[in-house]
Amino acid sequence: MGGAVISNDFLDAAYRRVRPSTVSSTKDDNTIELDYSWATEQYPKPHQHDLAAQVNAFLSSSRSQRATIESLWVFNVGYWDIWYLAALPRRQAIDLIDSSIPDFFFQIERLYRAMQDQDTTASRDYYLGHRASRATRPPFRIFLTRLFDISLTPGFASARPSPPKPHSSSSQLRNAAFLTRYWNSVLDVTVNDWLATSGPENWPTTDRIDIKVIEALAGKRPLEDARGPSGEKKEQGYLGWDNEGGLNDGISLPRRRLASYGMPGYLRGLMVDRQLRNAELYDHNGLGARPLEDGFVEISIPCVLKVAGEAVTKEGEIVGTDEKIVVCQDPDNYLFYTEFTVSPRAIHEIGIRAARSFLDQVEDSSAWRTEAMRRKNNEREGHGGEATLPPA
């Protein structure tokens, strides 16, 4: 059990640091370091590609050459990181989070630069026609949510093996809750730093990043190729134009933008509402008294459930058999469809709320907002039919 993490290398490094119990002598007392070596056996390293490998695969694939109006990059990371980190010493898990989130934004920056490189040719005519007006390229926009606590899923209790004593499942649950909060706090700070990165129009020429240098550092080309024949880079003018008026690799970059939705808060609200309703209580926020059709009847058991099978022998003894899958009759009543995924109805509701939140956060001039208004007008006029989103 497990899934993709931000960095397999970071997790592997953390696993190499766990070892059997040792006793460290100090002046005052003996400090016992608990044995965590079992974690590498109960939670083997994921076989799925980590984020860097996924970005590598995307950048090396053949992508559509269709012209884009605006793009939206949606990221969903950290969920399975906490699954593994909850079994490790908390200090070690914190160190890994402190490394993983900056690496996450490093991968975002790789996409940020690579997409500008891809758009260079397509942008040539655009910039030739708009140089005098200092036209701005569409923003590089990402969509993120804070991390939902995986310990709130049914699978955290049912799918995790019991650790050896003196460790306990309850300590791992506490670790997961703490690490989720810590992850979100580090994410908030890093997002703000990323958004505060100065725009290219404010960069002095000496501070502009050359795409060839980035590619060299990423191993995509020799470092020597990042410089001209004399070993020096060509002098650049405003917006990355060289002195001959041609568009070079230092083309001006778009603004960084973030859109988000409070998905963890929505799911936690559904769970608390049902718990209070079951106890015939409600709070000052209205939880426990929400309309029944807005909530879910079952919040702790998934619709798809693994059940241990039983069989009766000829002697009348009951023996265990292989697990079987039992599927509920009405998935819409269940918040979770499987041990770790929410139900189709919950996905639909999250999608609607996330889309509305996204449109509230984009600029009035954004093609996303323009398309949403066009679709709404079509619906008002009764045209029907499917409206298409802007090319992504």
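Along each chain, residues carry numbers from 1 onward, in the same order as the chain's sequence is written. The predicted nature of this model means local features are confined to residues of pLDDT at least 70 and side-chain atom pairs, given and counted, to a pLDDT of 80 or more, with totals for whole chains, interfaces and linings taken over all residues. Processing note: side-chain calculations cover all non-hydrogen atoms of the structure and skip hydrogens and water entirely.

## What about the packing of aromatic side chains?
Which entries qualify depends on this criterion: Whether two aromatic rings pair depends on their centres lying within 6.5 Å, for rings of Phe, Tyr and Trp, where Trp uses its six-membered ring; planes under 30 degrees apart make the pair stacked, over 60 edge-to-face, and the rest tilted. In this text, helices come from DSSP runs of H or I with a minimum length of four residues, and strands from runs of E with a minimum of two, each type numbered from the N-terminal end. Each residue is assigned to one of three classes by its accessible area relative to the maximum for its type, calculated with a 1.4 Å probe on protein chains only: buried under 20%, partly exposed between the two thresholds, exposed over 50%. Any Lys NZ or Arg CZ found within 6 Å of a ring centre and within 35 degrees of that ring's normal is scored as a charge over the ring.
Per the stated rule, a full pass over the model turns up 17 aromatic pairs. Where Tyr43 meets Trp83, the ring centres are 5.9 Å apart and the plane angle is 85°; that geometry is what we call edge-to-face. Taken together, the residues Tyr43 in the loop between α2 (39-42) and α3 (51-60) and Trp83 in helix α4 (residues 79-85) connect sequence positions 40 residues apart. Residues Tyr43 and Trp83 agree in their burial class; the two are buried. Each residue in the set Phe58, Trp73, Phe75, Phe104, Phe105, Tyr112, Phe140 and Trp194 is aromatic and connected to the rest through ring pairs, giving one cluster. The cationic tip of Arg160 hangs over the ring face of Trp83; the distance from NZ or CZ to the ring centre is 4.6 Å. Stacked on the ring of Tyr112, the Lys or Arg Arg256 has its end atom at 4.3 Å from the ring centre.

## Quick notes on the state of the cysteines
Put simply, the rule reads: When two cysteine sulfur atoms are found within 2.5 Å, that pair is recorded as a disulfide.
If you walk through the whole model with that rule in mind, you get one disulfide. Residue pairing for Cys303: its cysteine sulfur links by disulfide to Cys328, the two sulfurs lying 2.0 Å apart. Torsion about the S-S bond of the Cys303 and Cys328 cystine: about -90°, corresponding to left-handed handedness. Of this pair, Cys303 sits in the loop between α9 (263-278) and β6 (304-312) while Cys328 sits in the loop between β7 (318-327) and α10 (344-361), and the two are 25 residues apart along the sequence.

## Brief notes about the confidence of the model for the protein chain
In plain terms, the rule: For every residue, the predictor reports its confidence as pLDDT, a number between 0 and 100. Any two residues having at least one pair of non-hydrogen atoms within 4.5 Å are treated as being in contact.
Scored by pLDDT, the protein chain comes out at a mean of 78, with 69% of its residues at no less than 70. The low-confidence segment residues 120-135 (pLDDT under 50) makes 22 contacts with residues lying over four places distant or belonging to another chain. Contacts of residues 200-251 to residues separated by more than four positions or lying in other chains number 75 contacts, the stretch itself having pLDDT below 50.

## As for the side chain of Gln92
For the record, the criterion: Polar contacts, as counted here, are pairs of nitrogen or oxygen atoms within 3.5 Å of one another; within protein the pair requires one atom able to donate a hydrogen and one able to accept it, and residues that are adjacent in sequence qualify only if both atoms are side-chain atoms.
Looking at the element boundaries, Gln92 is found in helix α5 (residues 90-130). A polar contact is formed between the side chain of Gln92 and the backbone oxygen of Ala14, at a distance of 2.6 Å. Residue contacts for Gln92: discarding those within four places in its chain leaves Ala14, Tyr15, Arg17 and Val18.

## Some details on the pairing of strand β4 (residues 140-144)
The test is simple: Here, any two strands with at least 2 DSSP bridges between them count as paired.
With respect to burial, β4 is a largely interior element, five of its five residues being buried. Of the two faces of β4, the one lined by Phe140, Ile142 and Leu144 and the one lined by Arg141 and Phe143 are each fully buried. Sheet topology places strand β3 (residues 72-74) next to β4; three bridges connect them, and they run parallel. Across the sheet, residue Val74 finds its bridge partner in β4, namely Phe143. In this structure, β4 lies alongside strand β5 (residues 256-260), joined through five bridges in parallel fashion. Following the sheet pairing, Leu144 is matched in β5 by Ser260.

## Focus: the sheet that holds β5
Note the cut-off: Axis definition: a line fitted to C-alpha atoms, over the contacting stretch in the case of helices. Angles run 0 to 180 degrees between N-to-C directions.
Taken in spatial order, the three strands make up an open sheet running β3-β4-β5, and their pairing is parallel. Every other strand in the sheet has two partners, leaving β3 and β5 as the edge strands with one partner each. Strand-to-strand twist in this sheet, taken as the mean axis angle between neighbours without regard to direction, amounts to 25°. Sheet strands in contact with α10 are β3, β4 and β5, and its direction is about 145° off that of β5.

## Some remarks on the environment of Trp83
The class for Trp83 is buried, based on a relative accessible area of 0%. Once the C-alpha coordinates of Trp83 and Phe156 are considered, the two residues, 73 residues apart in sequence, prove to be 8.1 Å apart. Not counting chain neighbours up to four residues away, the residues in contact with Trp83 comprise Met1, Gly2, Tyr43, Ile150, Gly155, Phe156, Ala159, Arg160 and Phe340.

## Remarks on α3
An α-helical turn contains 3.6 residues, so any two residues separated by three or four positions project in the same direction. Put simply, the rule reads: To obtain the arc, one takes the directions from the helix axis to the C-beta atoms.
Of all the positions in α3, only Leu51, Val55 and Leu59 are classed as buried. The buried residues of α3 occupy one face: seen down the axis, they fall within an arc of 65°.

## Focus: helix α11 (residues 367-380)
Counted only if it meets this: The span expected for a helix works out to 1.5 Å for each residue beyond the first.
Between its first and last C-alpha, α11 extends 20 Å over 14 residues, near the 20 Å set by a 1.5 Å rise per residue. Along α11, the residues that are buried comprise Ala367, Trp368 and Glu371. Within α11, the buried residues cover an arc of 105° as seen down the axis, which keeps them to one side. The inward-facing, buried residues of α11 abut β3 and α10. N-capping of α11 is provided by Ser366, with a side-chain oxygen placed 3.1 Å from the backbone N of Trp368.

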